[in-house]
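# Architecture and fold: a report
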Amino acid sequence: MAECATYGTVAVLQINNPPLNVLGHDVRSQLMSGLQQALQDKAVCSIVIMGKGQTFTAGADVKEFGTEKVFWEPTLHSLVEAVSASTKPVVTAIHGTTLGGGVALALASHYRLADSSAKMGLPEVQLGILPTCGVTQRLPRLVGLQTAVRMVTSGQTQSAQQALTAGLLDKVVTDDLLKKAVGFARSVDVRGLEARRVSSWTVPGADRAEDVLDAARKTLVRRSRGAIAPLTALQAIQASLLPFETGMKREAELGRYLWTSWQAAALRYAFFAERTVKRWHIPRNKNVNYRTAEPMDIKSVGVLGAGTMGVGITISLLQAGLKVVLTEVNKAQLDKAVSLIQRSLEGKSGGKPQPMQLRATTDYSQLREVDLVIEAVFEDLALKKKVFQQLDAVTNPRTILATNTSGLDIDQIAAATQRPDKVIGTHFFSPAHVMRLLENIYGRHTSVETIATAMQLGATIGKVGVLVGNCPGFVGNRMKGLNFTEAMFLLEEGAEPQDVDKALEEFGFAMGPFRVSDLAGGDVHWRRRIQAGLTTEHGPPPYTPVLYRQGNRYSPLADMLCMQGRFGQKTGAGWYRYKSGSRTALPDAEVHRLIHKHRQDHGFQRRNISSQEIVERCLFPLINEGFRILEEGLATGPQDIDVIFLLGFGWPRHTGGPMYYADKVVGLGNLLQSLEKYRAYHPRSAHWVPSSLLRKMAAQGTSLSIWAAGSRL
Ligand SMILES: C/C=C(\C)C(=O)SCCNC(=O)CCNC(=O)[C@H](O)C(C)(C)COP(=O)(O)OP(=O)(O)OC[C@H]1O[C@@H](n2cnc3c(N)ncnc32)[C@H](O)[C@@H]1OP(=O)(O)O
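Residues numbered from 1 in each chain as written. Predicted model: local features only at pLDDT ≥ 70, side-chain atom pairs only at ≥ 80, totals over all residues. Heavy atoms only, no water.

### Observations regarding the overall build of the chain
- On a plain count of helices and strands, the chain comes out with 28 helices and 21 strands.
- In summary, the chain has a C-alpha radius of gyration of 28 Å against a globular reference of 27 Å for 713 residues, a match within 12%.
- When the 713 residues of the chain are sorted by exposure, 58% land in the buried category.
- Nonlocal contacts in the chain, meaning residues at least 24 apart in sequence, comprise 73% of its contacts between residues at least 6 apart.
- Summed over its atoms, the accessible surface of the chain is roughly 30100 Å², and 53% of this surface lies on carbon and sulfur atoms. (Helix = DSSP H or I, 4+ residues; strand = E, 2+ residues; numbered from the N terminus. Rg over C-alpha atoms; globule rule 2.2 N^0.38 Å. Buried < 20%, exposed > 50% of the residue type's maximum accessible area, 1.4 Å probe, protein only. Contact = heavy atoms within 4.5 Å. Areas by Shrake-Rupley, 256 points an atom, 1.4 Å probe, with all protein chains shown as cover.)

### Quick notes on the sheet that holds strand β6 (residues 111-115)
- Pairing is mixed in the open sheet, where six strands are placed in the order β1-β2-β3-β4-β6-β9. Where the open sheet ends on each side, the last strands, each with one partner, are β1 (2-7) and β9 (171-173). Taking the axes of each pair of neighbouring strands and ignoring which way they run, one obtains an average angle of 20 degrees across the sheet.
- As judged from the three bridges shared by β6 and β9, these two strands associate in the parallel manner. Residue L113 lies in a different strand from β9, and its bridge partner there is K171. (Pairing = 2+ DSSP bridges. Axes fitted to C-alpha atoms, helices over the stretch in contact; angles between N-to-C directions.)

### Quick look at the environment of V475
- In this fold, V475 is placed in the loop between β19 (464-469) and α17 (476-493).
- Using a relative accessible area of 0% as the deciding quantity, one classes V475 as buried.
- Placed 236 residues apart in sequence, V475 and S711 show a C-alpha to C-alpha distance of 18 Å.
- Setting aside residues up to four positions removed in sequence, V475 forms contacts with E439, V468, I629, L634, I641 and I644.

### Some words on the site of the ligand
- Taken together, 23 residues form the shell around the ligand, and within it A58, A60, V62, G101 and R275 come nearest.
- In the environment of the ligand, a nitrogen atom lies 2.7 Å from a nitrogen or oxygen atom belonging to the backbone of A58.
- G101 places a main-chain nitrogen or oxygen 2.8 Å from an oxygen atom of the ligand.
- In the complex, the protein chains occlude 74% of the 980 Å² of accessible area that the ligand would expose alone.
- Per-element tally for the shell around the ligand: the top contributor is helix α11 (residues 262-276), with three residues.
- Tallied by class, residues from the shell around the ligand come to 13 nonpolar, four polar and six charged. (Near = heavy atom within 4 Å. Polar contact = N/O pair within 3.5 Å; in protein donor to acceptor, adjacent residues only side chain to side chain. Nonpolar A, V, L, I, M, F, W, Y, C, P; charged D, E, K, R; others polar.)

### Quick look at a positive patch on the surface
- Residues K63, R275, K278 and R279 make up a contiguous surface patch of positive charge.
- With respect to the element layout, R275 can be found in helix α11.
- You can call R275 partly exposed: its relative accessible area is 36%. (Patch = residues over 30% accessible without salt bridge, like charges linked within 9 Å, V, L, I, M, F, W, Y side chains within 5 Å. Salt bridge = Lys/Arg side-chain N within 4 Å of Asp/Glu carboxyl O. Lys, Arg positive; Asp, Glu negative; His and termini not counted. Charge placed at Lys NZ, Arg CZ, Asp CG, Glu CD.)

### Side note on the domain arrangement of the chain
- For the chain, the assigned domains are domain 1 (2-259), domain 2 (282-473), domain 3 (477-497 + 510-601) and domain 4 (611-709).
- Domain 1 and domain 2 are separated by 42 Å when their C-alpha centres are compared. (Domains from an automatic or database assignment.)

### A short note on the nonpolar core
- By size, the foremost hydrophobic cluster in this structure holds 91 residues, and its most contacted members are V500, W575, I623, F627 and W651.
- The element that contributes the greatest number of residues to this core is helix α23 (residues 611-631), accounting for ten residues.
- Ignoring anything within four residues of it in the chain, the contact list for W575 reads F484, M488, L491, P497, F514, S517, D518, L557, A558, L561 and V591.
- Counting 60 residues, the second largest nonpolar core, distinct from the first, contains L105, A108, A209 and L234. (Core = buried A, V, L, I, M, F, W, Y, C linked by side-chain atoms within 4.5 Å.)

### Side note on the side chain of S84
- Within the fold, S84 resides in helix α2 (residues 76-84).
- Given the relative accessible area of 9%, S84 is considered buried.
- Among all residues touching S84, those that are not within four sequence positions of it are A108, H110, R138 and R197.

### Regarding the side chain of R112
- Summarising the element assignment, R112 is placed in strand β6.
- With no salt bridge to any partner, buried R112 finds its closest opposite charge in D170, at an N-O distance of 4.2 Å.
- In terms of polar contacts, R112 uses its side chain to reach the backbone carbonyl oxygen of L168, at 3.0 Å.

### Observations regarding the environment of V464
- With respect to the helices and strands, the residue V464 is situated in strand β19.
- When near neighbours in sequence (up to four residues on either side) are disregarded, V464 contacts E274, V277, R436, L437, L438, V643 and L647.

### Side note on the UniProt feature "domain: 3-hydroxyacyl-CoA dehydrogenase C-terminal" (unreviewed entry) in the chain
- Taking the UniProt record as the reference, the feature "domain: 3-hydroxyacyl-CoA dehydrogenase C-terminal" (unreviewed entry) is found at residues 473-578 and 614-701.
- What you have in residues 473-578 is 51% helix and 4% strand, and the ends, taken at the C-alpha atoms, are 29 Å apart.
- As a span, residues 614-701 carries 69% helix and 0% strand, and end to end its C-alpha atoms are 27 Å apart. (UniProt positions renumbered as here; feature names shortened; annotations may be inferred.)

### Digging into the packing of aromatic side chains
- The final tally for this structure, using the stated rule, is 17 aromatic pairs.
- Geometrically, the ring pair formed by F507 and W651 is edge-to-face, given 5.8 Å between the ring centres and 80 degrees between the ring planes. Residue F507 is found in helix α18 (residues 497-507), and its partner W651 is found in the loop between α24 (638-648) and α25 (658-666); the two are separated by 144 residues along the sequence. Each member of the pair F507 and W651 is classed as buried.
- Between the aromatic rings of W526 and F567, the centroid separation amounts to 6.1 Å while the plane-to-plane angle is 45 degrees, which identifies the pairing as tilted. (Phe/Tyr/Trp six-rings, centres within 6.5 Å; stacked < 30°, edge-to-face > 60°.)

And the structure:
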């Protein structure tokens, strides 16, 4: 857990708690006793704290949060204070990615040394808490308010060089950190110790504090979108302008407030959910799971189609060091894609991107020897089936064939080949080289090896892979579609697009559904509705009532906009209008007129609709569908659905995701009641019929987390 050794007059305490040296109770106890021993040992003049393995420490053990263990002595706070109060100089030597409590230990030390490849960060706000143990008080004294505010409220990591420039580190070294730290510790003098205690310093540039804090507050109010941790952390930093002990009390007070907040619990859940989804199984056959599966070794990947998605996917693969054969029949499109890829990879640090690993070709037969192909052609079932037939003919029979689709039937695509066991859906999110989510969809015949390979490939290229079953829209788009459907009904009943968007943005989404639709292009879903027979390019299909389709209430408003060529930002007009070259959504009188006339034509009585109703009507049907998905065994557990929404659809992270939010914030009983209430008002929308899983759980008074714990392997 923590090892102690002496090198002449220097005692070295090394954390050894693989994989990430988190500071659980055992580690804290051993570090504390090592420190006390070193202080008592007359032969020891100075002390080094460092870590073994891949990192100094990733900080506090988050698994202890929400349990009593975190308060067991020595707490992290006691340990940090013991380091700060040490009568012998303490040097912290940092390597790897040092986070949270690791930075707290470093700040309390008298000297800070780091390996040149080290990174340091304070991700606490991402867990809904603030950096305590004196971090909000010591950091501004060391690096100034501005840098401290940036580090604490963003949670982003700093490179060793940045930390050195900011004044957070005293020295950056290359190679043999242990030797250099011991050498450094030998050179420091106990006589200078008092002056090295950061707590005795004042915050540099305190005279400009108001301006810095005001500017930060304004930015955070806009960016946090309801998350309370960043603004609370800012208050703690503000307290660093007070005497140190007063500031420490304020930090502890604010820390306690966040510690017990529902948002901290939700964010902790989100942290572990992202890691839980890799432990997948198929609900209908639990023997098929991450433990029994053996992935194929993938060294080369073919990407078919050099449009926006193909380019993003290629960049992700190249960045992970894989060989890529990019195939596109249109030579001009291919050349454009290659230049985009090269530009994107140029100047990327880390040495991974290797453009020479890319072969671009118009010739399908070049895909003959790749291990896996990701097809990224236009979202059209007939086209994809044709492409898969060709791929089946040209590629090696052992090659896995993946289709990048956002909702088409994997089984139909697989049926176009002689190897349905080697066909899988890999739904990338746009921009594919930026978005971390990869929704992997198994079909009826997809083999366990193919599933494991797609999941492994996701991890290799830095994505969070979530495995789901095959159904229209899969998990993400099947649920998300309902949100947009209800949003349009709200327009019919009296809301304006900006009212709906505002309510959901206040809930925490970066963009409301109409702004998202304008960004993505309304034509994409219009084509899908046409394919599904819900509408035609000229209006409702013959003999179809305007407001009902396929047994459900239907709003034709989106179709009406598309029929006018209003596809969103790319056409300068959609639900909003856009000035040339601008992405700012401006309310458009023409849209208001169109909605107004539609209401009049169909006898809707306009009424004022509250933000609460907007949020409930847009989100509750989607959550209800999530329960149906679990019931149908299309996702391993609620975490999988939550991760899809957190990483793919901008669901506000501080609420944990749709299923967590329903379970822990709304409450399953309340959700059921609301669904019943809206169902009574809107009987012709099947999405208000509560799922039987939800009914059962609400009746039993059980929770999704208990259900999930029982179902996960
Ligand atoms: C007050 C609060 C204080 C003082 C704090 O310190 S709060 C904690 C601050 N630290 C963090 O938030 C670190 C979070 N961890 C990460 O960001 C990443 O794990 C990493 C960048 C450090 C490493 O990433 P990676 O190499 O991809 O590894 P994984 O994320 O997959 O993690 C491996 C396993 O370790 C578990 N883990 C990671 N960090 C912690 C932690 N701080 N406490 C407990 N467990 C942690 C993670 O869940 C993985 O576990 P398994 O899923 O493999 O079981």
